[in-house]
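# Tertiary structure, described
Letter by letter, the chains look like this.
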Amino acid sequence: MHEFGIAYDIFATTRRAAMEHRAQQVKKVTVEIGEMSMVNPEQVIFLFDTLAEEDPLVRGATLETVVVATLSRCTCGYEGDEKFVCPLCGALPELVRGREITVINIEIEVDEE
Ligand SMILES: [Zn+2]
């Protein structure tokens, strides 16, 4: 299952960052999901919650997903959101953005003592 690997990566990244910053608790994680990544955000959230449940550091953290629109570019100079056919020349445009899954923010609670 595609989503499981992604949820696991997000979980592992979050956990690593939390430990590096000596966090007591992770509050919120924000992830950008490219429109073309073929990922179902709800399913990623569900799987992330399942993984987080097993870990005291991440348990209860909210996973927020932000869908990133596609950006494509063609050799003819076209730039826009067409995914498969360039509207100017008919060639296959290159996807510049829209396929990636990136953790952009992790909110943690740190014990100051
Ligand atoms: Zn073109």
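Up top is the structure these notes are about.
None of these values were measured; they are calculated from a predicted model.

Our focus in this paragraph is the packing of aromatic side chains. In total, this model carries 2 aromatic pairs according to the counting rule given. Centroid distance Tyr-8 to Phe-11: 6.1 Å. Interplanar angle 50°. Geometry classified as tilted. One end of the pair, Tyr-8, and the other, Phe-11, are both in helix α1 (residues 2-20), 3 residues apart, so they sit about a helical turn from each other. For Tyr-8, a relative accessible area of 41% puts it in the partly exposed group. Connected via pairs of aromatic rings, a cluster forms that spans Phe-4, Tyr-8 and Phe-11.

Before going further, it helps to examine unusual backbone geometry. Although it is not a glycine, Arg-22 sits at a positive phi angle of roughly 50°. When you line up the elements, Arg-22 lands in the loop between α1 and β1 (23-34). Overall, the relative accessible area of 65% leaves Arg-22 in the exposed class. One non-glycine residue, Met-38, adopts positive backbone phi at about 60°. On the secondary structure map, Met-38 appears in the loop between β1 and α2 (41-53).

Before going further, it helps to examine the coordination of the zinc ion. Only Cys-74 (SG), Cys-76 (SG), Cys-86 (SG) and Cys-89 (SG) from the protein coordinate the zinc ion, and they sit 2.3 Å from it. One way to put it: the 4 donor atoms around the zinc ion meet at angles of 104 to 115°, and that makes the site tetrahedral. Sequence spacing of the donor residues for the zinc ion, all on one chain, is C-x1-C-x9-C-x2-C. With Cys-76 in the loop between β3 (71-73) and β4 (79-80) and Cys-86 in the loop between β4 and β5 (94-97), this residue pair connects regions lying 10 residues apart in the sequence. Assessed through its relative accessible area of 40%, Cys-76 is described here as partly exposed.

Conventions we followed
Residues numbered from 1 in each chain as written. Predicted model: local features only at pLDDT ≥ 70, side-chain atom pairs only at ≥ 80, totals over all residues. Heavy atoms only, no water. Phe/Tyr/Trp six-rings, centres within 6.5 Å; stacked < 30°, edge-to-face > 60°. Helix = DSSP H or I, 4+ residues; strand = E, 2+ residues; numbered from the N terminus. Buried < 20%, exposed > 50% of the residue type's maximum accessible area, 1.4 Å probe, protein only. Donors = N, O, S within 2.8 Å, 3.2 Å for Na, K, Ca; no water. Tetrahedral: all angles 85-135°; square planar, octahedral: opposite > 155°, others 65-115°.

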